[in-house]
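Here are the chains, one letter per residue:
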Amino acid sequence: MRTSPHHQSRGRARRLRAAGVGLGLASVLGAATAAPEVEGFDLVDSVRVDRTHFDYSYTLRVRGDARSYATGTFTVTSTAATSQIMKGGVAVGGVDAGSFVRTNDVFTVRQDRTVPLDTTALKFAFSGSPTGVDPSASDPAAVRIGQVAFLESGGRPLHEGSFPIASENPTAGANLILRANLFGSVANASFALIGASGQTLWQGALAAPNPAELASPRYVAGVTVPAQPFRIRVVAIASNGHTVSWTSAKLFVPPAYSMAIAPAKGVLAQGESVATDIVLTSTTASGFYVIALILPAGFASSAGPWTIALAPGARVDLSTTITAPISGEPFRRYTIGVRAAPSGSPSDAQLTNVRVLIE
């Protein structure tokens, strides 16, 4: 573990932007699918039924599409006679457009252990209630609210830009850009950050696209992240007079520190190992934190978990190596997470994700 001052090398900072934020942007662009998709599943429990059968329970890793859903459920089925689905419905809850969700609910498969589990035999069908959609969708003036995200400045010199934040939760006190993708004929748009008890913490207008980019759906506003939990609310008024409202399913919990994970490269061969940096920067955080990687099945790391001390204004760099699985479906994207939690308070954990592609 290495601790360094704020003026740590700019090269590493640029690498963090390129690997962490750049992959985040790629995931946004890849989110325009027909429905949320299952990226993978994680074993959480196993129970022996008889000499050859076990019941295995899995949670899902879900990537949202270009729409938001107030509620959602995946139904799991199997085409293999040796894999019997005992519990097939997995409640996902609300899914925001382009978001990444790890479910609490599980599906359970009874597997004949004399035959390997064929993951390709498992099929996942999504059903949900879209939100942020004008009910008069057939009207040319109808409006739909797509992905809403926080952006931060980044990039290398002469190639600066605004990119989605790497962390799931923005840092308290950070000055960021809020971007909402609004589709259709929008006459007016606004946003608000709503506290957990319903109070308005911050509100303002969403600026229309630049006149030179009239076809762009991106509306933006500057915000200062509050130091308490909140949801995002976006309201759009269509030119036909209809009002469309959307409130994030996610409750944002701003930490007193920022966190980023950056593999040296984002495209790996099967079995390849890649150096990976984890960087924590404190604003007002103080005390000991437990840092751990959350890896998809088949991945491995050379180090961690770590217990580190954070002080206001400090920066801590952690180095490890992540190894991709030696087999599996080629040209598939996986989400790697890093989790930080105050010692003795795991419920206050924060999570940052990065996506990698396995060739």
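Residues numbered from 1 in each chain as written. Predicted model: local features only at pLDDT ≥ 70, side-chain atom pairs only at ≥ 80, totals over all residues. Heavy atoms only, no water.

Backbone-to-backbone hydrogen bonds pair the strands of a sheet. The strands run either parallel or antiparallel. Here 5 strands make up an open sheet; going across it, the order is β19-β26-β25-β21-β23 and the pairing mixed. Edge positions in the sheet fall to β19 (267-268) and β23 (306-310), since each has one partner strand and no second. Sheet analysis places β19 next to strand β26 (residues 350-358), joined by 2 bridges and oriented parallel. Note on β26: the bridge partner recorded for Leu 268 is Ile 358. (Pairing = 2+ DSSP bridges. Helix = DSSP H or I, 4+ residues; strand = E, 2+ residues; numbered from the N terminus.)

Spatial strand order, β14-β13-β16-β17: 4 strands in an open sheet with antiparallel pairing. Every other strand in the sheet has two partners, leaving β14 (200-205) and β17 (243-247) as the edge strands with one partner each. Averaged over neighbouring strand pairs, the angle between their axes works out to 15 degrees when direction is ignored. Where strand β16 (residues 230-238) meets β17, 5 bridges bridge the pair, whose relative direction is antiparallel. Within the sheet, the bridge partner assigned to Val 235 lies in β17 and is Ser 245. (Axes fitted to C-alpha atoms, helices over the stretch in contact; angles between N-to-C directions.)

Turning our attention to the pattern of salt bridges. Side chains carrying opposite charge are able to pair once their charged atoms draw close together. For the structure shown, the criterion picks out 8 salt bridges. Asp 105 is the partner of Lys 87 in a salt bridge, and the nearest nitrogen-oxygen pair spans 3.1 Å. With a gap of 18 residues between them, Lys 87 in strand β5 (residues 83-87) and Asp 105 in the loop between β7 (100-102) and β8 (107-112) connect regions that are remote in the sequence. Between Arg 315 and Asp 317 there is a salt bridge, and its shortest N-O distance comes to 3.2 Å. Assessed through its relative accessible area of 1%, Asp 317 is described here as buried. Three or more residues joined by partner-sharing salt bridges are found here, namely Glu 39, Arg 63 and Arg 355. (Salt bridge = Lys/Arg side-chain N within 4 Å of Asp/Glu carboxyl O. Buried < 20%, exposed > 50% of the residue type's maximum accessible area, 1.4 Å probe, protein only.)

What follows concerns the packing of aromatic side chains. This model, assessed by the stated rule, comprises 13 aromatic pairs. Judged by centre distance (5.9 Å) and plane angle (40 degrees), the rings of Phe 41 and Phe 124 are tilted. Of the two residues, Phe 41 is situated in strand β2 (residues 37-48) and Phe 124 in strand β9 (residues 122-131); the sequence distance between them amounts to 83 residues. For Phe 41, a relative accessible area of 16% puts it in the buried group. An angle of 20 degrees between the planes, with centres 5.3 Å apart, marks the rings of Tyr 58 and Phe 107 as stacked. (Phe/Tyr/Trp six-rings, centres within 6.5 Å; stacked < 30°, edge-to-face > 60°.)

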